[in-house]
Amino acid sequence: MEKKKIFIAIIALLNLTFYSCANLSVLWWKTNKSTYSSNEKEEKNNDYPIILITGYGGWGQNELLGYNYFGGPSDIEKILRKRGISTFVIVPGGYSSIWDRACEIYAQIKGGRVDYGKFHSEKYGHERFGRTYEGVYKDWGEKNKITGKIKKVHLVGHSFGGIAARMIVQLLEHGNLEESQNTPPNELSPLFQGECNNYVHSVTTIASPNNGTTLLCSAWPLNPNIQDDLTILLAGITGLNLQGIYDVRLDQWGIKREKEESFKNYMNRIKFSKYINASRDSGIWDASPEGTLELNTWVKAQPNVYYFSFATEQTHKGWFSNNEYPDWGMFLPFQPFSALMGSYTQKSPNRVIIDEKWFKNDGIVNTYSMDGPKIGSEDVIVEFNGSPKIGLWNYMGVLKNTDHADALGIYSMSLKGARPLYNRIASLLISLPE
């Protein structure tokens, strides 16, 4: 096993060397440009707000010293607002499960206290209620007094945020039987009632692991305790109470430093948190192919919602194999992961089959996984031809020479960053008929 890893690393290094000259130009013209193109005009057929949802490990605008998740040095939210498009950034727990994230997104948009569900919280052993939010769009779901139509939103999620957007639509439309059967009617959150029809006009996923990512499968053996170590590290950062740095947002698991609690006692307590080694209620599980397979069996595309998906890719095929290797312009910390993903296969029984079609990636997520739910899903995916199809996945194509962070403009070498991508998405969404 070790010899195989060393061999892969050597081949990857050779390929990176050979391709470095050919890819040098990437650093000069990388613009997050998509192969997607359309003839759509700048027309506004709806005025529903655009909700930008952060992905795995995401942060808020007041964190990382003001460095934006969407836009990096620029601010996509402000850029879209200057165009007259109501836009909000939502930041659910960066390491929470998809279920917990959906509950947090609902509360952050509508306002109120996060309710993770009586049945769910008791099943997994964390607190039922979380933080209380004022709400960025309190009128969400109410009828417009003039038109009589429901006030909807457009959900746009990067990476893990796209999966959470899919789930919140499923819960709004159909509720959850386990919650409704195990919760007194007067305590049941509207999110679990299944009576919130037509709250969401569209869902857009950007570089989302709609079928999971093999990053977890390929890199996990190198550190089987990665979730434990990551949780303790991030909990420590949060426990330092440093303003403007990072908020782990795992209050429901008790990962929050109490007033007058010493840092030492806090860290000792965190080591015994139920989130450590949490199996089926964590982002690690939900982002795996097996976890996503489980989600895809019941989280389905709704017939009254538009779905769009963008894929990203920044790898090339090896000279002496079908393996994929990271391009020279890929964000350096992603490159070892990309090389592992570019050669990982899995054919064990009772697990998702991983073969060569999964090799292309953006350093974090496999490109094959991004066009829409496939494994365990009956959702229909179609190539976008300029005419959006409702109830289906409109695949917008691949963002070439774009790694997972480029899709956000976090460190893009282009002065435009991710603005062209999000301006294009916004133009498409506001053009959709009501």
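Above this text is the structure in question.
The structure reproduced in this document is the subject of the present report.

Definitions and cut-offs
- Chains are numbered independently. Their residues run from 1 in the order of the written sequence.
- pLDDT decides what is reported in this predicted model: residues at 70 or higher carry local features, side-chain atom pairs at 80 or more are listed and counted, and totals for whole chains, interfaces and linings draw on all residues regardless.
- Based on all heavy atoms of the structure, the side-chain values leave hydrogens and waters out of the count.
- By the criteria applied, helices consist of DSSP H or I runs no shorter than four residues and strands consist of E runs no shorter than two, each listed in order from the N terminus.
- Note on exposure labels: buried denotes an accessible area under 20% of the residue type's maximum, exposed denotes more than 50%, and partly exposed covers the range between, all computed with a 1.4 Å probe on protein chains only.
- The contact criterion used throughout is that any non-hydrogen atoms of two residues lie within 4.5 Å.
- All accessible-area figures derive from a Shrake-Rupley calculation using a 1.4 Å probe, and residue coverage is judged against the displayed protein chains alone.
- When the centres of two rings from Phe, Tyr and Trp lie within 6.5 Å, Trp using its six-membered ring, the rings pair. Their planes under 30 degrees apart give stacked, over 60 give edge-to-face, and anything left gives tilted.
- Distance and angle both matter: a charge sits over a ring if NZ of Lys or CZ of Arg is within 6 Å of the ring centre and within 35 degrees of the ring normal.
- A pair of strands counts as paired when DSSP detects no fewer than two bridges linking them.
- The definition of a nonpolar core used throughout is a set of buried Ala, Val, Leu, Ile, Met, Phe, Trp, Tyr and Cys residues joined through side-chain atoms within 4.5 Å.
- Each polar contact in these results corresponds to two N or O atoms within 3.5 Å; when the atoms are within protein, one needs to be able to donate a hydrogen and the other to accept it, and residues that are neighboring in sequence are counted only if both atoms are side-chain atoms.
- Lines fitted to C-alpha atoms define the axes here, with helix axes fitted over just the stretch in contact, and angles between the N-to-C directions of these axes take values from 0 to 180 degrees.
- What sets the label is the angle itself: under 35 degrees gives roughly parallel, over 145 gives roughly antiparallel, 65 to 115 gives roughly perpendicular, and the rest give oblique.
- Residue type decides the class: Asp, Glu, Lys and Arg count as charged, Ala, Val, Leu, Ile, Met, Phe, Trp, Tyr, Cys and Pro as nonpolar, and the leftover types, Gly among them, as polar.
- For salt bridges, the criterion is a side-chain nitrogen of Lys or Arg within 4 Å of an Asp or Glu carboxyl oxygen.

Glancing now at the overall build of the protein. Secondary structure summary: the protein contains 14 helices and 11 strands in total. Taken over 434 residues, the protein has a buried fraction of 58%. A separation threshold of at least 6 residues defines the contact pool for the protein, and within that pool the share at least 24 residues apart is 72%. Per element, the accessible surface of the protein, about 19,300 Å² overall, is 57% carbon and sulfur.

Right, let's get into the packing of aromatic side chains. Applying the stated criterion to the full structure yields 15 aromatic pairs. Here the aromatic rings of Trp99 and Phe192 are separated by 5.3 Å at their centres, their planes lie at 15°, and the arrangement is stacked. Of this pair, Trp99 sits in helix α4 (residues 98–110) while Phe192 sits in the loop between α7 (177–182) and β6 (200–206), and the two are 93 residues apart along the sequence. As far as the burial class goes, Trp99 and Phe192 line up, both buried. Among the aromatic residues, ring-to-ring pairing joins Tyr56, Tyr95, Phe160 and Tyr246 into one connected group. If you follow Lys357 out to its NZ or CZ, it ends over the ring of Tyr368, 5.3 Å from the centre. For Lys374, the ring lying beneath its charged end belongs to Tyr368, and the centroid distance is 4.0 Å.

On to the pairing of strand β7 (residues 306–312), then. Burial analysis of β7 places 7 of its 7 residues in the buried class, which makes it a mostly covered element. Alignment of β6 against β7, held across 5 bridges, turns out to be parallel. Its bridge partner lying in β7, Val203 is registered against Tyr307. Pairing of β7 with strand β11 (residues 393–399), which is carried by 5 bridges, proceeds in the parallel orientation. Across the sheet, residue Phe308 finds its bridge partner in β11, namely Asn394.

What follows concerns the nonpolar core. Residues Leu52, Phe70, Ile206, Ile255, Phe308, Tyr422 and Ile425 are the most contacted members of the largest nonpolar core, which totals 54 residues. Counting residues per element, the ones that place at least two in this core are β1 (50–53), α3 (76–82), α10 (263–270), β7, β11 and α14 (419–431). No other element matches the 7 residues that α14 contributes to this core. Membership of the second largest hydrophobic core comes to 43 residues, among which are Ile98, Trp99, Tyr199 and Val299.

With that settled, the discussion passes to the environment of Trp59. Among the structural elements, Trp59 can be located in the loop between β1 and α3. Judged by relative accessible area, Trp59 falls into the buried class, the value being 12%. For Trp59, the contacting residues outside a window of four places in its chain are Thr54, Leu64, Tyr67, Asn68, Tyr69, Val91, Tyr246 and Ile410. Side-chain polar atoms of Trp59 contact the backbone oxygen of Tyr67, separated by 2.7 Å.

The subject of this paragraph is the environment of Trp285. Tracing the backbone through its elements, the reader meets Trp285 in helix α11 (residues 283–286). C-alpha separation for the pair Trp285 and Ile98, spaced 187 residues apart in sequence, amounts to 9.5 Å.

Packing of α4 against helix α6 (residues 160–174) leaves a shortest axis separation of 8 Å and a crossing angle of 70°. One element, α4, and the other, α6, form an angle in the roughly perpendicular class. In this structure, α4 contributes Ile98, Trp99, Arg101, Ala102, Ile105 and Tyr106 to the contact, and α6 contributes Phe160, Gly161, Ile163, Ala164, Met167, Ile168, Leu171 and Leu172. When grouped by side-chain class, the residues that make up the contact of α4 with α6 number 12 nonpolar, 1 polar and 1 charged.

When the charged atoms of two side chains with opposite charge come close together, those side chains can pair. As enumerated under the stated definition, the model contains 19 salt bridges in all. Its salt-bridge partner being Arg249, residue Glu63 comes within 2.5 Å of it at the nearest N-O pair. Residue Glu63 is found in the loop between β1 and α3, and its partner Arg249 is found in the loop between α9 (226–239) and α10; the two are separated by 186 residues along the sequence. For the pair Glu63 and Arg249, one class covers both residues: buried. Linked through salt bridges whose partners overlap, the residues forming this network are Arg131, Asp247, Asp251 and Lys256.

With that out of the way, let us pick up the side chain of Asp251. Within the secondary structure, Asp251 sits in the loop between α9 and α10. Reaching out from Asp251, the side chain makes a polar contact with the side chain of Arg131 at a distance of 2.9 Å. The contact partners of Asp251, leaving out residues within four places of it in the chain, are Arg131 and Lys256.

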